[in-house]
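# Survey of secondary and tertiary structure
Residue strings, one per chain:
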Amino acid sequence: MKILVASFQCESNSKAKLHPKRSDFEYFKGEDIFKKLVVKEIFEKEGFEVIPSIYAVALPSATVPLDVYNDYSEQILDVVRANPDVAGVYIFFHGSMEVEEIGSGELYLLKKIREIVSEDCLISLSLDAHANITDELPTYANIISGFKTVPHIDQKECQERSAKALCYCLKNNIKPYAYMCRVPFLLKNDTLQTVYEPLKSLIEETFVLENQKDVFTANLFLGHCWIDAPNTSASTVVCATSKQTAEKIAKDLANKLWATRRDYKFLCEAELPEECVKRAIEGKEKRIFITDSGDNTTAGAEGDTLGLLELLIKANPTKKTCVAGITNQEIVERFWAVSDGEEIKLSIFGGVTATVKSHGEILGWTKEIIGRSLTVSIGNVDAVFTELRSAFIEKGNFDKANVDLLSYEIVVVKLGYLFTELKPYADRELFALSDGASCVELSRLNLKRIKRPMFPLEDFEWKA
Ligand SMILES: [Zn+2]
């Protein structure tokens, strides 16, 4: 019996401006996809023949253009067409890929696959915990398993769970039933972390449920508030031997998740940008970080907003300050030939005199060098401009940019929470509730296509 394997992922952000290009996807084909996926051994150990297709994964971006989507989805469909007799299909998706003109990229591809394979073929998925589940997804997938950690550290375990359940069902001739219960609740992504309550206990409960003999997977999906689509919300999905079991457990979990809706809080001081700048300047701590959460480049934003830089320049702090990773190709290009120490005139904020401080490089997601950075000083405020979108997630990013992180007392980065690697350098962390493509204030996102009512935009009673 054959199992076809694929992965196609890009978390979408409706407000972001940069649409992913073909070249933005990390891409492998054939056997090479198992450099990235762990399921091959599981399937082979159980005696299945593995048919690899492709692995195409891009960083969070604006919606996926249809031609880019078709290019990769057709490659997967070609392998399905060449193997219409597959007993199973395993796909590692994100679950929040929004494609121009067609909506959910995951659902569209599954429908196409279902047109080719037999009725009995079982489809098993692994999804990100931030997946926005479409109503029809369980109609096309038999097994759905999501990450149980936020921030995500269990991608491997999630793949294993989906793969093992698929093997078990195929070997025992079981057709599992997937039930989805939508929970009308959409929370600020950055308030949801699984190491803290209330999510911690809810996740533990899903593990207990999965130990039941007739339950294959039990999942909480938290949704992804930066896509304006009808499927944007939290949900629970349970896969079991019968519809009754799956439905009962999914509804029960949904009610428990709903009951916690008021319990999610930011894990550090979260304030408007003006207040963050004030607190950073007045703070007694040695080094204070401000995260520009509305322009979080790890969440699909461009990293090009200048709001915090402007506030800091106006505040003219006596503390040494750095704003790191502002995407601005024009500034880097225009002043790259200027030597360190020389004065330049920037056209931002109606004209600002600055001094070139250092020339450097920027690192891509897999730590390869992807472009140049130019750091300029405006009084005590240093601004690191990058010619491409970047994420300053660890000290190594500052080192490559030729910027001495340890010399600063205030550091602004374009992230939500600080990445673990930066935390040792932060004596205090301020989460700036800034505007932008990754703004965490739901009321300011102007979502028009989501289902209503939706907590916390509306406060109402609900029961699954
Ligand atoms: Zn996620």
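About the cut-offs
- Residues numbered from 1 in each chain as written.
- Predicted model: local features only at pLDDT ≥ 70, side-chain atom pairs only at ≥ 80, totals over all residues.
- Helix = DSSP H or I, 4+ residues; strand = E, 2+ residues; numbered from the N terminus.
- Rg over C-alpha atoms; globule rule 2.2 N^0.38 Å.
- Buried ≥ 20, exposed ≤ 12 C-beta atoms within 10 Å, placed from the backbone.
- Contact = placed C-beta atoms within 7 Å.
- Core = buried A, V, L, I, M, F, W, Y, C linked by C-beta atoms within 7 Å.
- Domains from an automatic or database assignment.
- Pairing = 2+ DSSP bridges.
- Axes fitted to C-alpha atoms, helices over the stretch in contact; angles between N-to-C directions.
- Nonpolar A, V, L, I, M, F, W, Y, C, P; charged D, E, K, R; others polar.

What follows deals with the overall build of the chain. Scanning the chain from terminus to terminus reveals 11 helices and 20 strands. In terms of overall dimensions, the chain is globule-like: its C-alpha atoms have a radius of gyration of 24 Å, near the 23 Å expected for 464 residues. Taken along its principal axes, the extent of the C-alpha atoms in the chain is 75 × 50 × 35 Å. Residue burial in the chain is summarised as follows: out of 464 residues, 48% are buried. Excluding contacts between residues fewer than 6 apart, the proportion of contacts in the chain whose partners are at least 24 apart in sequence is 75%.

Attention shifts here to the nonpolar core. Among the nonpolar cores identified, the biggest contains 145 residues, and I143, L166, V238, A250, I290, V323 and A324 are the most heavily contacted of them. The leading source of residues in this core is helix α5 (residues 155-171), at seven residues. No fewer than three residues from each of domain 1 (2-259) and domain 2 (273-432) sit in this core. Once residues within four sequence positions are removed from consideration, A250 is found in contact with Y179, M180, C181, T236, V237 and V238.

Here the focus is the environment of V117. Looking at the secondary structure, you find V117 in the loop between α3 (105-116) and β7 (122-127). Residue classification places V117 among the buried residues on the basis of 20 C-beta atoms within 10 Å. Put simply, V117 and A301 are 184 residues apart on the chain and 38 Å apart in space, counted from C-alpha to C-alpha. Not counting the four nearest positions on each side in its chain, V117 is found in contact with V80, P84, V86 and V89.

Tracing the backbone shows N231 in the loop between β10 (215-221) and β11 (234-240). A count of 27 C-beta atoms within 10 Å places N231 in the buried class. Separated by 201 residues in sequence, N231 and A432 place their C-alpha atoms 28 Å apart. Those residues within four positions of N231 in sequence are excluded, and the remaining contacts are S104, N132, I133, T134 and D135.

On to the pairing of β11. Burial analysis of β11 places seven of its seven residues in the buried class, the great majority of the element. Pairing of strand β9 (residues 177-183) with β11 involves seven bridges; the strand directions are antiparallel. Each residue of the ladder has a partner; that of C181, found in β11, is T236. The sheet contact formed by β10 and β11 spans six bridges and is antiparallel. Along β11, the bridge assignment pairs T217 with C239.

An order of β9-β11-β10 is seen for the three strands of this open sheet, with the pairing classed as antiparallel. Across the chains shown, the open sheet's two edge strands, defined by having one partner strand only, are β9 and β10. Strand-to-strand twist of the sheet, defined as the mean angle between neighbouring strand axes without regard to direction, takes the value 10°.

As a further point, take the domain arrangement of the chain. Splitting the chain by domain gives domain 1 (2-259) and domain 2 (273-432). Domain 1 and domain 2 are separated by 36 Å when their C-alpha centres are compared. Of the residues lining the interface, 12 residues belong to domain 1; the matching set on domain 2 comes to 10 residues. Grouping the amino acids of the side of domain 1 that touches domain 2 by side-chain chemistry returns six nonpolar, three polar and three charged.

To continue, consider unusual backbone geometry. Residue P198 is reached from E197 by a cis peptide bond, and omega for that bond is 5°. The peptide bond linking F455 to P456 adopts the cis configuration, its omega dihedral lying at 5°. With respect to the helices, strands and loops of the structure, P456 is situated in the segment after β20 (428-432). We note that F349 has phi near 50°; this positive angle belongs to a residue other than glycine. Mapped onto the secondary structure, F349 falls in the loop between β15 (343-346) and β16 (352-363). Classification of F349 as exposed rests on a count of 12 C-beta atoms within 10 Å.

Strand pairing within a sheet occurs via backbone hydrogen bonds; the two strands may be parallel or antiparallel. Pairing is mixed across the open sheet formed by six strands, whose spatial order is β2-β3-β1-β4-β7-β8. Both outer strands of the open sheet, β2 (26-29) and β8 (143-146), are each paired with one neighbouring strand and no more. Taken over all neighbouring pairs, the strand axes of this sheet differ in orientation by 15° on average, direction set aside. Taken together, the five bridges between strand β4 (residues 88-93) and β7 define a ladder with parallel strand orientation. Residue Y90 lies in a different strand from β7, and its bridge partner there is S124. In the packing of α5 onto the sheet, contacts are made with β1 (2-9), β4, β7 and β8, and the angle to β7 comes to roughly 165°.

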